[in-house]
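# Fold and contact review
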Amino acid sequence: MSRRPLPPAERQRVRWLGRVDYDEAWDLQRAIWESRVAGRTRDDYLLLLEHDHVYTVGRNGDGSNLLLAPEALEPLGAILRDVDRGGDITYHGPGQLVGYPIQAVRELPRGYDMVGHVRRIEEMLIATLTDLGIEAWAEDGFTGVWTGRGKVAAIGIRVARGVSMHGFAVNVAPDLEYFTRIVPCGISDRPVTSLTDLLGRRVSLEEAVEALLPHATRVLGEAAAEVQLGTFARGAGRKFDVDEMLAAGVFSPKSKREAPIMIRGVLAGEPERPDWMRVKARLDTHGYMDLKKLMRGLELNTVCEEAGCPNIYECWEQGTATLMLLGDKCTRACAFCDVTTGRPGEVDLEEPERAAAAIVNMGLNHAVLTSVNRDDLPDGGAAIFAETIGRVRDQLPECDVEVLIPDFKGNSEALQIVMDAKPSVLNHNTETVLRLQRDIRTAANYGRSLAVLARARWANPAGVVKSGLIVGMGEREEEILGTLADLRAVGVDIVTIGQYLRPTAHHRRIDRYVHPDEFDRYVTEGERLGLPHVESGPLVRSSYHARESLGAAL
């Protein structure tokens, strides 16, 4: 039976993701691989990142080249993983540039051009090192890139159904002591070196990526490249907006700081609010006041109030609200959000029952549940989400339940607790583009968010997966278009896109008001990419028209 060749890539999407947990990166690779094989995406990807300490054993290894007992890895802060790439054992860790090309590989009469794929990676790395002033080469019989002082880059790939996975690791400035615990790649008589050792100065990952990019986009694919880079700064490097806001007490309750001067509600450097962004408050309507009384009577919080949603009057008049579980204090701070940051109280075990009672009282066909981040809890609050879904289903079986969850710090077991409760929609917001993640979110990252969404798709293939973006915080239109492609590539069904509105004078300034025509272009691009539904407009928020969005995506 002949194989159907994959179509050539439309774009080559390159992403520098920063530090990503190995298991999350592995799931992200798998998700994009599946999409490329299935035709859900027509794009090739190159994921660039670094890992925490991890030893990986490929198909050619049996673990014998690990020179210490597996239980001795924990004190070193390292983990061990068996993977399905070629090669033996290798090490990944901080200071090492890891690249995962996920791309269609040329088909040969018998199999795929795996050797050619490896040679192209070697060519790319050798050209990169040459630009950095390092003489390097490939050697017959030894995969990887070599120098006069030893191996500087390892390569291990897998090609299945015509699409590659795994890739390469360049020793930029890692702690080479970690290589002494293994026989690297099973080669006992060849040393390992790094760019830092070869050049006699510390080489940063940013410098290495900048040198790699032109060769990656030239060698690895013929499609036009679209590149997005996250931040490279760590520790005492550059200051991030959200960190300065946090230090200034922006997210604390009852801040007594003097507010910046505003003229007609506009901060210096901000654009004037256009007519399409004006919302009329309708506080005197019965629906709004009745719902407010119901929430207060049941001692429930809503994200509508806590986050200052502009649609609160419209939604509450229609009897729709998004319930916020697990209290009103968040363990994180995000530059766009008005929810108070602080130490949360005890978990209210009766809250799921009260939340279900409110949903029954409102007679909802579609309920939305969210929560603050609870990084203080082992499961991040997943059990409360699951319990609430169950209570709603028991009392109102016909009601669809949508959950807008945090990332649970990447805890896949916590996510599974929620998914086992079978929510109709699993929503996790990406919030902004890759470049702005660190400026806007704390303790969250783009790669993790994509991995959460991919895992949700696998956990409940019959369910709907959703994510949301906020625009007007400094992103560019082409970055949003690339983000839509990424969300499609990990299996997202619904994307919401809305305008950022600064909650207070202390929060992040509004960079621009996005014109309705641009919002329309996001819908058009989403349709072209094959996203089932994009809800895009100035006043759109994660839960806006949630029921209608679900219907459109099914």
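The present account deals with the structure reproduced in this document. (Residues numbered from 1 in each chain as written. Predicted model: local features only at pLDDT ≥ 70, side-chain atom pairs only at ≥ 80, totals over all residues. Heavy atoms only, no water.)

## Remarks on the overall build of the chain
Counting its regular elements, the chain contains 16 helices and 23 strands. Its C-alpha radius of gyration of 25 Å places the chain within 12% of the 24 Å reference for a compact globule of 554 residues. Seen through its principal axes, the chain has C-alpha atoms that stretch 80 × 55 × 50 Å. Here the chain holds 554 residues, and 56% of them are scored as buried. (Helix = DSSP H or I, 4+ residues; strand = E, 2+ residues; numbered from the N terminus. Rg over C-alpha atoms; globule rule 2.2 N^0.38 Å. Buried < 20%, exposed > 50% of the residue type's maximum accessible area, 1.4 Å probe, protein only.)

## Side note on empty space enclosed by the protein
Tallying each qualifying case throughout the model produces 5 cavities of 30 Å³ or more. Along its surface, the largest cavity is lined by 13 residues, and Thr90, Ala154, Asn171, Phe179 and Val192 are the ones closest to its centre. Listed by contribution, the elements that provide at least two residues to the lining of the largest cavity are strand S5 (89-92), strand S9 (150-160) and strand S10 (163-171). Of the residues forming the lining of the largest cavity, the biggest block, 4 residues, is contributed by S9. The residue inventory of the lining of the largest cavity, partitioned by class, reads 9 nonpolar, 3 polar and 1 charged. Taken as a whole, the second largest cavity spans an internal volume of roughly 50 Å³. (1 Å grid on protein atoms, 1.4 Å probe; cavity = no way out; pocket = protein on both sides within 12 Å on 5 of 7 lines; lining within 4 Å. Points joined across faces, edges and corners; volume = space filled by probe spheres on them. Nonpolar A, V, L, I, M, F, W, Y, C, P; charged D, E, K, R; others polar.)

## Notes on the sheet that holds strand S3 (residues 54-57)
Spatial strand order, S4-S3-S5: 3 strands in an open sheet with mixed pairing. The sheet is open, and its two borders are formed by strand S4 (79-82) and S5, each paired with just one other strand. Ignoring strand direction, the axes of neighbouring strands in this sheet form an average angle of 25°. Sheet topology note: the S3/S4 ladder contains 4 bridges and is parallel. Bridging from a neighbouring strand, valine 57 pairs with aspartate 82 of S4. (Pairing = 2+ DSSP bridges. Axes fitted to C-alpha atoms, helices over the stretch in contact; angles between N-to-C directions.)

## Some remarks on the sheet that holds strand S11 (residues 224-229)
One open sheet holds the 8 strands; their spatial order is S7-S8-S9-S10-S6-S2-S1-S11, and the pairing between them is mixed. Of all strands in the sheet, those with a lone pairing partner are strand S7 (137-139) and S11, marking the two edges. Across this sheet, the average inter-strand angle for adjacent strands is 20°, counted without regard to direction. Alignment of strand S1 (residues 11-19) against S11, held across 6 bridges, turns out to be parallel. Within S11, the residue paired with tryptophan 16 across the bridge is leucine 229. Sheet strands in contact with helix H1 (residues 22-38) are S1, strand S2 (44-50), strand S6 (96-102), S9 and S10, and its direction is about 145° off that of S10. (Contact = heavy atoms within 4.5 Å.)

## Details of the packing of aromatic side chains
Within this structure, the stated rule accounts for 7 aromatic pairs. Both rings, one in phenylalanine 142 and one in tryptophan 146, keep their centres 5.7 Å apart while their planes meet at 75°; by these two values the pair is edge-to-face. Judged by its relative accessible area of 29%, phenylalanine 142 is partly exposed. Taking the centre distance of 6.5 Å and the plane angle of 80° together, the rings of phenylalanine 385 and phenylalanine 408 count as edge-to-face. Of this pair, phenylalanine 385 sits in helix H10 (residues 382-395) while phenylalanine 408 sits in the loop between strand S19 (400-404) and helix H11 (412-420); the two residues are 23 residues apart in sequence, bridging distant segments of the chain. The exposure class assigned to phenylalanine 385 is buried, which follows from its relative accessible area of 0%. (Phe/Tyr/Trp six-rings, centres within 6.5 Å; stacked < 30°, edge-to-face > 60°.)

## Thoughts on the pairing of strand S15 (residues 322-325)
Neither face of S15 is open: one carries Thr322 and Met324, the other Leu323 and Leu325, and all of them are buried. In the sheet, S15 pairs with strand S18 (residues 366-371) via 4 bridges, with the strands oriented parallel. For methionine 324, the partnering residue across the bridge sits in S18 and is threonine 370.

## Structural notes on helix H14 (residues 477-489)
The terminal C-alpha atoms of H14 lie 19 Å apart, and with 13 residues this matches the ideal 18 Å at 1.5 Å per residue to within 8%. The buried fraction of H14 amounts to 10 of the 13 residues, a majority that puts the element mostly inside the structure. Of the residues flanking the end of H14, it is glycine 491, one or two places downstream, whose phi is positive at about 95°. (Expected span 1.5 Å × (residues − 1).)

## Section: the pairing of S10
Summarising burial for S10: 9 of the 9 residues are buried, a large majority. By the bridge criterion, 8 bridges tie S9 to S10 in an arrangement that is antiparallel. Counted as the bridge partner of valine 159 is serine 164 from S10. Counted between consecutive antiparallel strands, the loop separating S9 from S10 contains 2 residues, among which arginine 161 sits at a positive phi close to 55°.

## Some remarks on the pattern of salt bridges
Counted according to the given criterion, the structure contains 39 salt bridges. A salt bridge links arginine 476 to glutamate 478; its shortest N-O distance comes to 3.3 Å. (Salt bridge = Lys/Arg side-chain N within 4 Å of Asp/Glu carboxyl O.)

## Re the packing of H14 against helix H15 (residues 516-529)
Between H14 and H15, whose axes approach to 10 Å, the crossing angle comes to 30°. Taken together, the axes of H14 and H15 are roughly parallel relative to one another. Seen along the crossing, H14 lies across H15 with a hand that is right-handed. Judged by residue contacts, Glu477, Ile480, Leu481, Leu484, Ala485 and Arg488 of H14 engage Glu518, Arg521, Tyr522, Glu525, Gly526 and Leu529 from H15. Tallied by class, residues from the contact of H14 with H15 come to 6 nonpolar, 1 polar and 5 charged. (Parallel < 35°, antiparallel > 145°, perpendicular 65-115°, else oblique. Left-handed = near helix turned anticlockwise from the far one by under 90°.)

## Some remarks on the side chain of serine 371
Along the chain, the position of serine 371 falls in strand S18. Serine 371 gets classed as buried once you look at its relative accessible area, which sits at 12%. Ignoring sequence-local partners within four residues, the contact set of serine 371 consists of Met324, Leu325, Leu326, Phe385, Leu404 and Pro406.

## A look at the environment of valine 37
Structurally, the position occupied by valine 37 is in helix H1. Each C-alpha atom, one on valine 37 and one on glycine 58, is 22 Å from the other, the two residues being 21 residues apart in sequence. Beyond its immediate stretch of four places on either side in the chain, valine 37 contacts Leu6, Ala160, Arg161 and Val163.

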